[in-house]
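The chain contents come next:
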Amino acid sequence: MRLRLASQGLPKGSVVGFELMENQKLGTSQFLEQVNYQRALEGELTRSIQSLSAVQGARVHLAIPRPSVFTREQKNPSASVLVGLHPGRSLDKAQVNGIVHLISSSVPDLSVKNVTVLDQNGNLLSSAAEGKESAGLDPSQLEFLRQVEQSFIKRIENILSPITGMENVRAQVAAELDFSQTEQTAETFKPNPAPAEAAIRSQQSNENNSGAGQAAGGVPGALSNQPPGTAAAPVTAPAATAAAPAQPSGGGAHKESTVNYELDKTIKHVKSPVGNIKRLSVAVVVNHKKSTDKDGKVSSKPLSNAEMTQISNLVKEAMGYRQDRGDTLNVVNASFSVVTEEVPAVPIWKDPATISLVLAIAKNLLIAGIVFFIVFKVLRPLLKELSTPPPPPPPMVQNAEGEGFVIAPTLGYEERLRSVKDLARQEPKVVATVVKDWIGGNE
C-alpha cells in the first residue's frame, strides 16, 4: 500500500519550496511577494534539513526585517529551527553546527549567533556549540591542539628510541596555543636626523641684487643732479689721521633659501597568525639501562649524569625549547615496572581459536551439504526424467458398441482385479456390455 501511494506521489506534505513562485498572479502586491519568497525559502531549508539521516521532520522560521535606507535603523535577520529526530537518534555538535551554518549561509546578512536550533523535546541544541565557541573550545581547535601535542610526542620518542629503545621511553606534552586573532597598525614619527642624512622634499632659493655702484642721494633739486667735480687729493696728509670708513652707498645683495626635508614616519601593520604556541610543558621518563651478564641474568642500573644531560639536550632540540616563552622540561630516569599476570588455562572448547575453527568447518560442511542436496536430489532426478523416453500407451479393448477401456497386462493379478473393480464401479454399463459380449461369444 505504501508503494502504491508513493507511486502516486502520496502522501503530499505541506512543505513547499520555490515552486510557490511559479504561480504568481498578475497584480500581486510587494508584501505578498515578500511573504511568498520567505515561505519558499523556509520550505527549501526544511527540505535540506530533512534530508539528514537522523532528522525525521523539521520546521524553519525566518525573521527577515524590512530593509531601511538608514543604517542606524537596519536590523539583522534571525532564524529558528525545530527538528524532529527519529526514535533513538541524536545530533552531535558537528551536525548541529552544520545546520546552523546551512541556515546562516542561505539567508543574506544572517549571523551564526542569530540561529537557534531545538529538538522535539524543547532542548536547545545550538547553545553548547555557541558556548564552546565563545570560550575558545571549538572542536576544530581542540583537534588541532591534540595534533600539535602528538606531533611533539612522536618527535621526542623518535629521537630517543634509537638510544634507549622504543619500549624504554615515555613522553607527554602539554601545549598552550593562542587562537586569538589580532591586527595592529602603528604609525611612528622619529626625530629628524642630521641634514646630511635626511632626504630633501623641496628646496627654494631667492636672491636679490640691487647693484654695486653709488646710489643716487642728496637733496632733490638742480644742484643734486649736477655731476661731481674733479677730485683733488692732498699732497700730504696727517699721519695720525685714519682713513674714514666707507659709508654704505645704499646698494647690495639679498639671498633667501628654504629647504623642506621628508618626515621620518614608520607605518607598521601586524596580523598575528592563529594557533601560535604560547608555552610547552614536556615530561619524559626514561627506563634504566639493562644489561645481561654471562649467566644470562638481566640487571638494570640508572643512567649516568652525562647520559641524562645528553637526553635532555636532545629533547630540548626536538621540542624547540625556549626559555623566554616559559617552556618547561622534566626528564626522569626510573625503572619501569613490568606487571606479569598469570593467564589461566582456557579449556579447548572455550578457546577462541578452536571455536573459530569449528565454526569455519561447520560452515564449509553446511555449504557442501546444500550443494550435495541440490545436485543429487534436485538436478539429477530432473535430468533423469528428461532423458527417459515416455512409456508406450496401454492397449485398448473395445466392445461391440465401439466403446473401449484400458487393459494393463503388465500389472499383477491383484492390481488387475482392483482395476477391474474400479472400472465396474465407474462404468457399470461398459462392464455389463463386455460381460454380455463374452457370454454371447462363448455360446
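Residues numbered from 1 in each chain as written. Predicted model: local features only at pLDDT ≥ 70, side-chain atom pairs only at ≥ 80, totals over all residues. Heavy atoms only, no water.

Caption draft 1: Inspection of the layout of surface pockets at higher detail. In this structure, the largest pocket spans a volume of roughly 550 Å³. Lining the largest pocket are 17 residues, with Q34, I64, P65, R66 and P67 sitting closest to its centre. Of the residues assigned to the lining of the largest pocket, the class counts are nine nonpolar, five polar and three charged. (1 Å grid on protein atoms, 1.4 Å probe; cavity = no way out; pocket = protein on both sides within 12 Å on 5 of 7 lines; lining within 4 Å. Points joined across faces, edges and corners; volume = space filled by probe spheres on them. Nonpolar A, V, L, I, M, F, W, Y, C, P; charged D, E, K, R; others polar.)

Caption draft 2: Molecular detail of the pattern of salt bridges. Inspection of every chain in the model, using the stated rule, returns nine salt bridges. In this structure, the salt-bridge partner of E167 is R170, at a minimum N-O distance of 3.6 Å. Overall, R170 belongs to the partly exposed group, its relative accessible area being 41%. With its nearest N and O atoms 2.3 Å apart, the salt bridge here joins R425 to D422. Of this pair, R425 and D422 both sit in helix α8 (residues 413-426), three residues apart, which is roughly one turn of the helix. Judged by relative accessible area, R425 falls into the exposed class, the value being 62%. (Salt bridge = Lys/Arg side-chain N within 4 Å of Asp/Glu carboxyl O. Buried < 20%, exposed > 50% of the residue type's maximum accessible area, 1.4 Å probe, protein only. Helix = DSSP H or I, 4+ residues; strand = E, 2+ residues; numbered from the N terminus.)

Caption draft 3: Expanded view of unusual backbone geometry. Even without being glycine, D109 reaches a positive phi, approximately 60°. Within the secondary structure, D109 sits in the loop between α3 (93-106) and β3 (115-119).

Caption draft 4: Inspection of the sheet that holds strand β12 (residues 328-333) at higher detail. Read from one edge of the open sheet, three strands run β4-β9-β12, paired in mixed fashion. Edge positions in the sheet fall to β4 (169-178) and β12, since each of these pairs with one other strand and no more. The average angle at which neighbouring strand axes cross in this sheet is 10°, direction not considered. Two elements, β4 and strand β9 (residues 276-286), share ten bridges in a ladder whose sense is antiparallel. Within the sheet, the bridge partner assigned to R170 lies in β9 and is V285. On top of the sheet, helix α5 (residues 139-164) reaches β4 and β9; it is set at about 150° to β4, its chief contact. (Pairing = 2+ DSSP bridges. Axes fitted to C-alpha atoms, helices over the stretch in contact; angles between N-to-C directions. Contact = heavy atoms within 4.5 Å.)

Caption draft 5: Layout of the pairing of strand β5 (residues 183-189). Taking burial as the measure, the seven residues of β5 include zero buried ones, a minor fraction of the element. Bridge analysis of β5 against strand β8 (residues 265-271) gives seven bridges, and the strand direction is antiparallel. Paired with F189 across the strands is K265, a residue of β8.

Caption draft 6: Broad picture of helix α6 (residues 305-319). Over its 15 residues, α6 runs 21 Å from end to end, which matches the ideal 21 Å to within 8%, given 1.5 Å per residue. Considering only its buried residues, α6 is in contact with α5, β9 and β12. Of the residues trailing α6, G320 is marked for its positive phi of about 70°. (Expected span 1.5 Å × (residues − 1).)

Caption draft 7: View of the pairing of strand β2 (residues 78-85). Bridging between strand β1 (residues 55-63) and β2 involves eight bridges; their strand directions are antiparallel. In the sheet register, L62 faces β2, and the bridge partner there is A79. Where β2 and β3 come together, five bridges link them in parallel fashion. Residue pairing in the sheet places A79 in a bridge with V115 of β3. In terms of handedness, the path from β2 via α3 over to β3 forms a crossover that is right-handed. (Right-handed = clockwise from strand over helix to strand, strands pointing away.)

Caption draft 8: Looking closely at the side chain of T46. Note on placement: T46 falls in helix α2 (residues 30-50). For T46, a relative accessible area of 5% gives the class buried. Apart from residues no more than four positions distant in its own chain, T46 is found in contact with V15, A58, R59 and V60.

Caption draft 9: Up close: the sheet that holds β3. With mixed pairing, three strands are arranged side by side in an open sheet as β1-β2-β3. Each of the sheet's edge strands pairs with one partner strand only, and the pair in question is β1 and β3. Strand-to-strand, the axes of this sheet are offset by a mean angle of 15°, without reference to chain direction. In the packing of α2 onto the sheet, contacts are made with β1 and β2, and the angle to β1 comes to roughly 150°. Where α3 meets the sheet, its contacts fall on β1, β2 and β3, and the angle it forms with β3 comes to roughly 135°.

Caption draft 10: The environment of Q181, seen in detail. Turning to its location among the elements, Q181 is positioned in the loop between β4 and β5. Accessibility expressed as a relative area gives 67% for Q181, which makes it exposed. Between the alpha carbons of Q181 and S272 there is a distance of 6.3 Å; along the sequence they are 91 residues apart.

Caption draft 11: Structural detail: the packing of α5 against α6. As a packed pair, α5 and α6 sit with axes 9 Å apart at the nearest point and diverge in direction by 150°. In terms of orientation, α5 and α6 fall into the roughly antiparallel class. In the crossing of α5 with α6, the sense of the turn from one axis to the other is right-handed. Contact with α5, carried on its side by F152, R155, I156, I159, L160, I163 and T164, involves I311, L314, V315, A318 and M319 of α6 and no other residues of that element. Split by residue class, the contact of α5 with α6 holds ten nonpolar, one polar and one charged. (Parallel < 35°, antiparallel > 145°, perpendicular 65-115°, else oblique. Left-handed = near helix turned anticlockwise from the far one by under 90°.)

Caption draft 12: Molecular detail of the packing of α2 against α3. Running from amino to carboxyl end, α2 crosses α3 at an angle of 155°, the nearest separation of the two axes being 11 Å. By the criterion of interaxial angle, the relationship of α2 to α3 is roughly antiparallel. Between α2 and α3 the crossing geometry is right-handed. On the side of α2, the interface is formed by L41, L45, S48 and I49, while α3 contributes I99, L102, I103 and S106. Looking at the contact of α2 with α3 residue by residue, the classes come out as six nonpolar, two polar and no charged.

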